[in-house]
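# A look at the structure
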Amino acid sequence: MVGTIAPVVYRNSELDWRVAATIYTIGSIVGGSLVGVIIGLVASLLPRSLYFDSIPLLIGFAAFGYSLHEMHILALPHPQRRRQVSKDWRLRFHPYITAGLFGLLLGAGFTTFIPTASYYFIWLPAILYGSPVLAVILFGIYGASRASLLWPFCQWAASFELMRRLGRQIDLTKPIMRQVNGFALAMLAAYLISAYLSIT
Amino acid sequence: MDQLSAARDNVSNAEPFQLKAPNVVFRLAWLLAGLVMGYIASRVRLPSISLFIFIATLAGLSANWST
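Analysis parameters
Residues numbered from 1 in each chain as written. Chains lettered and ligands numbered in written order. Predicted model: local features only at pLDDT ≥ 70, side-chain atom pairs only at ≥ 80, totals over all residues. Heavy atoms only, no water. Salt bridge = Lys/Arg side-chain N within 4 Å of Asp/Glu carboxyl O. Buried < 20%, exposed > 50% of the residue type's maximum accessible area, 1.4 Å probe, protein only. Core = buried A, V, L, I, M, F, W, Y, C linked by side-chain atoms within 4.5 Å. Helix = DSSP H or I, 4+ residues; strand = E, 2+ residues; numbered from the N terminus. Contact = heavy atoms within 4.5 Å. Expected span 1.5 Å × (residues − 1). Axes fitted to C-alpha atoms, helices over the stretch in contact; angles between N-to-C directions. Left-handed = near helix turned anticlockwise from the far one by under 90°. Nonpolar A, V, L, I, M, F, W, Y, C, P; charged D, E, K, R; others polar. Buried area = accessible area lost by both parts, 1.4 Å probe. Polar contact = N/O pair within 3.5 Å; in protein donor to acceptor, adjacent residues only side chain to side chain. pLDDT = per-residue confidence, 0-100.

## Re the pattern of salt bridges
Residue and element names in this part refer to chain A. Enumeration over the complete set of coordinates arrives at 4 salt bridges over all chains. Between Arg18 and Asp16 there is a salt bridge, and its shortest N-O distance comes to 3.3 Å. Residue classification places Arg18 among the partly exposed residues on the basis of a relative accessible area of 42%. The closest approach of N and O atoms between Asp171 and Lys174, which form a salt bridge, is 4.0 Å.

Written out as structure tokens, the structure is:
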């Protein structure tokens, strides 16, 4: 996204990258929230009386498994659409519309690559608890936080050389990001399993 | 002088530096630290929603590390 919205892209233009970034951010939050509404509403129709009490345990064990996956100790299924957002939109639409459409798609999360398994742990509670409010909160936060890094990245990447360097640094630090996610999922697992056992 | 230019060629042709995932001992220790943190969070009765919000935030931030 930095390659579409960074100041250097808008140089010598009447357009302002901050407007594009704002539209992208709003699009990302709306995209995430829309997914949350749909999942929450569909999931609220599912019967869950049989397993409702065991939901923390189910999510806890899944989180433990995926913490091992993130740490490259165990390989688990990592479903994702291996697609990028359409580059053609940059040529076809006004830059602000492109920013908004990119925000909508990327904020939804599942339409492109899913780099870390923690994304699945927004879906799991949303589906299993069947609460539209919880789903909208979690997916809306996902969309907002996904867009939030764009601002400092754009602020910093003021030239094509800096943009290229930023892209390389992001690639280089990918293994660290997986480890951080593994840590967070292990934490979620221990929390939920421990909370479940202390109640029963 | 030849040595200098050879060294310069080696540097310019070198593969870019790549960070690798830490070794398995470190990863297991890191996993254990996460489990302990989670256990402590449950003992101090941290609301579960705060942990889900943390995961959603982290997932959103991490999504910027996609290809």
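## Overview of the nonpolar core
In this structure, Ile59(A), Tyr119(A), Tyr120(A), Phe121(A), Ile122(A), Phe139(A) and Leu188(A) are the most contacted members of the largest nonpolar core, which totals 36 residues. Of all the secondary-structure elements, those providing two or more residues to this core are helix H2 (17-44), helix H3 (55-70), helix H6 (120-129), helix H7 (132-148) and helix H10 (174-199) of chain A together with helix H3 (48-62) of chain B. Broken down by element, this core gets its largest block of residues, 8 residues, from H10(A). Look past the residues within four positions of Phe139(A) in its chain and what remains in contact with it is Gly32(A), Ser33(A), Val35(A), Gly36(A), Ile39(A), Tyr119(A), Ile122(A), Trp123(A) and Ala126(A).

## Describing H7(A)
Taking 1.5 Å as the rise per residue, H7(A) with 17 residues should run 24 Å; its terminal C-alpha atoms sit 24 Å apart, in good agreement. Every buried residue belonging to H7(A) is among Leu134(A), Ala135(A), Leu138(A), Phe139(A), Gly140(A), Tyr142(A), Gly143(A), Ser145(A), Arg146(A) and Ala147(A), and all of these are buried. Tucked into the core, H7(A) has its buried residues touching H2, helix H5 (95-108), H6 and helix H8 (150-156) of chain A together with H3 of chain B.

## Focus: the packing of H2(A) against H6(A)
Residue and element names in this part refer to chain A. The N-to-C vectors of H2 and H6 enclose an angle of 35°; their axes lie 7 Å apart at closest approach. The two elements H2 and H6 cross, and the hand of that crossing is right-handed. Mapping the contact onto sequence places Val35, Ile39 and Ala43 in H2 and Trp123, Ala126 and Ile127 in H6. The residue makeup of the contact of H2 with H6, split by class, is 6 nonpolar, no polar and no charged.

## Comments concerning the side chain of His69(A)
Inspection of the secondary structure puts His69(A) in helix H3. For His69(A), the residues in contact, after removing those within four places along its chain, are Leu74(A), Ala75(A), Leu76(A), His78(A), Ala117(A) and Arg178(A).

## Observations regarding the interface of chain B and chain A
Listed by partner, the interface residues are 41 residues for chain B and 50 residues for chain A. The contact between chain B and chain A buries some 4200 Å² in all, and 75% of this surface belongs to carbon and sulfur atoms. Our enumeration of links across chain B and chain A arrives at 0 salt bridges. For the interface between chain B and chain A, the tally reads 11 residue pairs in polar contact (both at pLDDT 80 or more). Counting residues per element, the ones that place at least two in the side of chain B that touches chain A are helix H2 (24-43) and H3 of chain B. Per-class residue counts for the side of chain B that touches chain A are 27 nonpolar, 11 polar and 3 charged.

## Examining H2(A)
Under the 1.5 Å per step criterion, the end-to-end length of H2(A) is 40 Å for 28 residues, consistent within 8% with the ideal 40 Å. Of the residues that open H2(A), the one with a side-chain oxygen 3.0 Å from the backbone nitrogen of Arg18(A) is Asp16(A).

## Details of the confidence of the model for chain B
Residue and element names in this part refer to chain B. In this model, chain B carries a mean pLDDT of 81, and residues with pLDDT of at least 70 account for 69%. Looking across chain B, the model is least confident in helix H1 (residues 2-13), with a mean pLDDT of 53, and most confident in H3, with 96. In the predicted complex, the global pTM is 0.88; the interface-specific ipTM is 0.92.

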